[in-house]
Amino acid sequence: MSSMEYLKPEDSQAVGDVIGNRALAGWEIASVVSSIFIAEWLASVAVDWMRIAVVVPIGLAFVLSISSHHLRGETLRDLGFRLDNFLRAAGLLTLPMIVTAIVCLAIGWWTGERIDFLRWHISRPLAVQLILGFAWGFVQQYMLQSLVNRRAQIVWGRGWLSVLVVAAIFAGLHLPNPALTVATFVGGVIWAAVYQRAPNIFALAISHSLMTWIVVSTVPASALHHLRIGLKYFGSN
Amino acid sequence: MSNRPRSKLIHLLISKSIAEALLVAAIAIGFYFATSNPDLRGVLDVANAETVNGWAVDEARPWTRVEVQLFIDNEFVADKNAAEFRPDVHSAKRAEDDWHGFIFETPPLPAGEHEARVYALLPNAAGSRRTLQLIGKPFRFLIEPKQTRLGLPQEKGGTR
């Protein structure tokens, strides 16, 4: 008999020893990203009634995310659900948002695109669309920052490396739409960097909604391809 | 992070991976059954300079006529129902009546080797999507220079 000790499956202490904290954080990122890829590239284009399958990977991603916060002892405040640093986060976001808006306006002017701040959703009032954009941005920013960014900081530490990884993941999730991939990489860098300095999901969700509005209103619609991503990018419905 | 919650997280990650692998497998199987008909039977018997013919039957609904499309060299040629007289298919007990054949007239083709493919059209339940399912195997055939029906003297450099 060799001296090697085999792990007992029921021994949770031993199972926890198998993998380090950084590897586990990396695994969490990979798992959440794979869920979103499954939803974008597979489940959302499933035929007929099977389209409902999209809720499974998204639901599993949320179960994992919420369980992970609980098991790691993270509080809502840690995750960015707080108001005490809202103004600081908003202040950090203001300059990059103004610069990005000017760049978008320049792109619209340079391409000859008619700039129309009411075209985000033609059959819905702009205020309603901005609120819906906030809600959608809130969900995305929660998953991107409260989970991916925080785990990326465990793996690569706080700073530009983890910021770039978060931005690259966010951009990758918007493939194969080239304009949206570039836009989300830029947005991802800004939002991830701000979150590391002042974690506030509310400010990021407002920024997300406003920047989407600016991009949709200025960048040529043909380039944005109706904001379609995943396999739906190639489809007509 | 202590070992016990870490262990729980590992178990959760493994369980999630298994659940997603099962989901992907289920979607793949569902996609196969939604976009193909495992009960479709048929053969592309002949393709030549004159006709392309064969038969097709949906064994789950043998009283219906299968809509088929002819492609030659990957170009769409024609569409019709497989409703031609084929008593041999019926006598071989592949169909419930004699009318499951298809005969396409071969379009004018240049001399040389060509490939004919006949596909069955499969609409989904909502009618929002149609997929093609190959009947039998692709049939390669040769058009001799004397058989060409392009109506031009090719070797003399004429134009259409």
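Parameters at a glance
Residues numbered from 1 in each chain as written. Chains lettered and ligands numbered in written order. Predicted model: local features only at pLDDT ≥ 70, side-chain atom pairs only at ≥ 80, totals over all residues. Heavy atoms only, no water. Axes fitted to C-alpha atoms, helices over the stretch in contact; angles between N-to-C directions. Helix = DSSP H or I, 4+ residues; strand = E, 2+ residues; numbered from the N terminus. Parallel < 35°, antiparallel > 145°, perpendicular 65-115°, else oblique. Left-handed = near helix turned anticlockwise from the far one by under 90°. Contact = heavy atoms within 4.5 Å. Pairing = 2+ DSSP bridges. pLDDT = per-residue confidence, 0-100. Core = buried A, V, L, I, M, F, W, Y, C linked by side-chain atoms within 4.5 Å. Buried < 20%, exposed > 50% of the residue type's maximum accessible area, 1.4 Å probe, protein only. Buried area = accessible area lost by both parts, 1.4 Å probe. Salt bridge = Lys/Arg side-chain N within 4 Å of Asp/Glu carboxyl O. Polar contact = N/O pair within 3.5 Å; in protein donor to acceptor, adjacent residues only side chain to side chain.

The angle between the axes and the distance between the axes are what describe a pair of packed helices. Two numbers describe how helix 2 (residues 21–41) of chain A lies on helix 1 (residues 3–35) of chain B: the axes approach to 11 Å, and their chain directions differ by 25°. Considering the angle they form, helix 2 of chain A stands roughly parallel to helix 1 of chain B. Between helix 2 of chain A and helix 1 of chain B the crossing geometry is left-handed. The residues of helix 1 of chain B that touch helix 2 of chain A, namely those facing Asn21, Leu24, Trp27, Glu28, Ser31, Val32, Ser34, Ser35 and Ile38 of chain A, are Arg6, Leu9, Ile10, Leu13, Ile14, Lys16, Glu20, Leu23 and Val24 of chain B.

Before going further, it helps to spend a moment on the pairing of strand 4 (residues 75–81) of chain B. Note: strand 3 (residues 67–72) of chain B against strand 4 of chain B, six bridges, orientation antiparallel. Considered in strand 4 of chain B, the bridge of Glu67 of chain B is made with Asn81 of chain B.

Here the focus is the confidence of the model for chain B. In the predicted model, chain B carries a mean pLDDT of 88, and 92% of its residues have values of at least 70. Low pLDDT (under 50) marks residues 151–160 of chain B, which in the prediction has seven contacts with non-local residues, meaning those over four places away or in another chain.

This next bit is on the nonpolar core. Residues Leu93, Met143, Ile169 and Trp191 of chain A are the most contacted members of the largest nonpolar core, which totals 42 residues. Elements with a minimum of two residues in this core: helix 2, helix 3 (55–72), helix 5 (86–111), helix 6 (126–156), helix 7 (160–172), helix 8 (178–197) and helix 9 (201–218) of chain A together with helix 1 of chain B. Every residue in contact with Leu93 of chain A, bar those within four places of it in the chain, is listed here: Ile190, Trp191, Val194, Ala203, Leu204 and Ser207 of chain A. In this structure, Ala56, Ile72, Phe102 and Phe141 of chain B belong to the second largest nonpolar core, which totals 20 residues.

Listed as interface residues are 34 residues of chain A and, on the opposing side, 26 residues of chain B. Note on chain A versus chain B: buried area summed over both sides is about 2700 Å², and carbon and sulfur give 71% of it. There are zero salt bridges connecting chain A and chain B. Our count for the chain A to chain B interface comes out at four residue pairs in polar contact (both at pLDDT 80 or more). At the level of secondary structure, the elements contributing two or more residues to the side of chain A that touches chain B comprise helix 1 (12–17), helix 2 and helix 3 of chain A. Ranked by residue count, the leading element in the side of chain A that touches chain B is helix 3 of chain A, at ten residues.

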